[in-house]
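# What the coordinates show
So the chains spell out like this:
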Amino acid sequence: MACVRDKPDSGLPTSLSAPRLRISLAFRAGLCPYSRARPEKDYAFKGNFVLRDLIANGQSMRTISLPRGRQRLHAMPTSTGYEVREDEIYDWDGRKRGQTPFTVLQHTISGTGRLRYENRNYRLQENDTLLVLVPHNHRYWLASDERWEYFWISMNGEEALRIHKSILSISGPVFRLQPATIDHLADCSLRLIKGAASPGAASAIAYEAAMALYDDVFGSHAFAEKLSAMQPVIDHINAHLDKPLPVAELVQISGLSRAHFSRCFAESEGLPPAEFVLQQRLQRAAKLLTKADFLPVKEVAILCGFEDANYFSKVFRRLYGTTPSQFRTTGMYANLRTPARRGVRVSDDET
């Protein structure tokens, strides 16, 4: 479909429907619905047009091997393509693809694929997306007498691996993406197939694909529900930092099973419940040491839920790098933001 600008003096019929009116306005602005330089919101507005472009381009695969400079790129595509496999051997074992880490993001357009991830089996169907890390204990394949149509993007690089590992830890290896995200990823694949002749250009597209996936997974309605589900627990913690806060009590407030609560809480706050409580206690202590300098250190410890002043000093120093007394006299809190989450380990009994 050719993109033609409206003439400068052309008017828009008032009878146009809203979608057609928006398309006409896009044409008037000189934007093509299929433009590779479309604004991000256009993926949601246009539908899966780029996915159709990718399919119309025909079966293709590009192994991306470009000259690398001295500086490592944090996201770099290694291969991408669109294929239809039917009644043939197609079998990838994540333990037999070498020791150089990379990830595979593969979206099922139609048909059926199979995945064994660790000890769990999946049947991949239309609109399922798989994400796997290599090397790893998994295998995905085409079963006999079945057909699998898909596109994929593989990439490596420190940041790409970090992002994909975080997504795997939250969503597992199989998930459903929004149609706009699928179209965005198809666009990235098509641009990599047709162009991206320099390392920087290829890296930019890989990083764009990783961020599109990140936004979908971590910005999804389901994930937002997990975050909001933890809010009553967070409120209870902050209101009772001067008292014992055993994990069993937090589980009861959440209304979840203990295992489900621990998993959801860690996904929401980035720390296990007991460690989160400890850091909240220490952050309150840091404020009191500076804002209420008339309080003895021992009383600050008690107000923040520490019965043992020696233990308080020990964990405070582990997080802030100084003792409570030194922290107060040096005025560190004035220049201190929320402390980095250094993973201060604590048992359930220490909350």
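Identification of the chain as AraC family transcriptional regulator from Mesorhizobium huakuii is taken from an unreviewed UniProt entry.

## Description of the overall build of the chain
A tally of helices and strands in the chain yields 14 helices and 10 strands. For the chain, the residues scored as buried account for 46% of the 351 residues in total. Long-range contacts, defined here as pairs at least 24 residues apart, represent 71% of the contacts in the chain between residues at least 6 apart. When the accessible surface of the chain is totalled, it reaches about 18700 Å², and 51% of it is carbon and sulfur.

## Quick notes on the sheet that holds strand S6 (residues 120-124)
Strand order in the open sheet formed by four strands is S3-S8-S5-S6, and the pairing between neighbours is antiparallel. Across the chains shown, the open sheet's two edge strands, defined by having one partner strand only, are strand S3 (91-93) and S6. Neighbour-to-neighbour, the strand axes of this sheet turn through a mean angle of 10 degrees, independent of strand direction. Bridge count between S3 and strand S8 (residues 138-141): three bridges; the pairing is antiparallel. Within S8, the residue paired with aspartate 91 across the bridge is tryptophan 141.

## What to know about the sheet that holds strand S4 (residues 102-111)
Think of a sheet as strands paired side by side through backbone hydrogen bonds, with each pair either parallel or antiparallel. Across the sheet, which stays open at both edges, the six strands sit in the order S1-S2-S9-S4-S7-S10 with antiparallel pairing between neighbours. The sheet terminates laterally at strand S1 (60-63) and strand S10 (174-176), the two strands that pair on one side only. Here the strands of the sheet are splayed against their neighbours by 20 degrees on average, with no regard to which way each runs. Direction of pairing for S1 relative to strand S2 (residues 76-86): antiparallel, over a ladder of four bridges. Opposite arginine 62, over in S2, you have threonine 80 as the bridge partner. Docked against the sheet, helix H3 (residues 49-56) engages S2, S4 and strand S9 (147-156), running at close to 100 degrees with respect to S9. Taken strand by strand, helix H4 (residues 158-171) contacts S4, strand S7 (128-134), S9 and S10, and its axis lies near 125 degrees from that of S7.

## Overview of H4
Residues spaced three or four apart along an α-helix point in a common direction, a consequence of the helix completing one turn every 3.6 residues. Spanning 14 residues, H4 covers 20 Å between terminal C-alpha atoms, matching the ideal 20 Å at 1.5 Å per step. Of the residues one or two after H4, glycine 172 is the one with positive phi, at around 80 degrees.

## As for the layout of surface pockets
Considering only enclosed or pocket space, the largest pocket measures out at about 360 Å³ in volume. In terms of lining residues, the largest pocket is bounded by 19 residues, among which Ser79, Trp92, Arg97, Trp152 and Ser154 are the most central. For the lining of the largest pocket, the elements supplying multiple residues, two or more each, are S1, S2, S4 and S9. In the lining of the largest pocket, the residues fall into nine nonpolar, seven polar and three charged.

## Quick notes on the side chain of threonine 129
In this fold, threonine 129 is placed in strand S7. A distance of 2.9 Å separates a polar atom in the side chain of threonine 129 from a polar atom in the side chain of histidine 107. Ignoring anything within four residues of it in the chain, the contact list for threonine 129 reads Leu105, Gln106, His107, Pro173, Val174, Phe175 and Leu177.

## Regarding the nonpolar core
Grouped together as the largest cluster of nonpolar side chains are 56 residues, with contacts concentrated most on Leu54, Leu115, Tyr140, Trp148, Phe151, Ile167 and Leu213. If you look at the next biggest cluster of nonpolar residues, it comprises 17 residues, including Leu278, Leu295, Val315 and Phe316.

## Comments concerning the packing of helix H5 (residues 179-194) against helix H6 (residues 199-218)
Between H5 and H6, the least distance of the axes is 10 Å, while the angle of their chain directions is 170 degrees. For the element pair H5 / H6, the angle class is roughly antiparallel. In this structure, H5 uses Thr181, His184, Leu185, Cys188, Arg191 and Leu192 to contact H6, whose residues at the interface are Ala202, Ile205, Glu208, Ala209, Ala212 and Asp216. Partitioned by chemical class, the residues of the contact of H5 with H6 number seven nonpolar, two polar and three charged.

Parameters at a glance
Residues numbered from 1 in each chain as written. Predicted model: local features only at pLDDT ≥ 70, side-chain atom pairs only at ≥ 80, totals over all residues. Heavy atoms only, no water. Helix = DSSP H or I, 4+ residues; strand = E, 2+ residues; numbered from the N terminus. Buried < 20%, exposed > 50% of the residue type's maximum accessible area, 1.4 Å probe, protein only. Contact = heavy atoms within 4.5 Å. Areas by Shrake-Rupley, 256 points an atom, 1.4 Å probe, with all protein chains shown as cover. Pairing = 2+ DSSP bridges. Axes fitted to C-alpha atoms, helices over the stretch in contact; angles between N-to-C directions. Expected span 1.5 Å × (residues − 1). 1 Å grid on protein atoms, 1.4 Å probe; cavity = no way out; pocket = protein on both sides within 12 Å on 5 of 7 lines; lining within 4 Å. Points joined across faces, edges and corners; volume = space filled by probe spheres on them. Nonpolar A, V, L, I, M, F, W, Y, C, P; charged D, E, K, R; others polar. Polar contact = N/O pair within 3.5 Å; in protein donor to acceptor, adjacent residues only side chain to side chain. Core = buried A, V, L, I, M, F, W, Y, C linked by side-chain atoms within 4.5 Å. Parallel < 35°, antiparallel > 145°, perpendicular 65-115°, else oblique.

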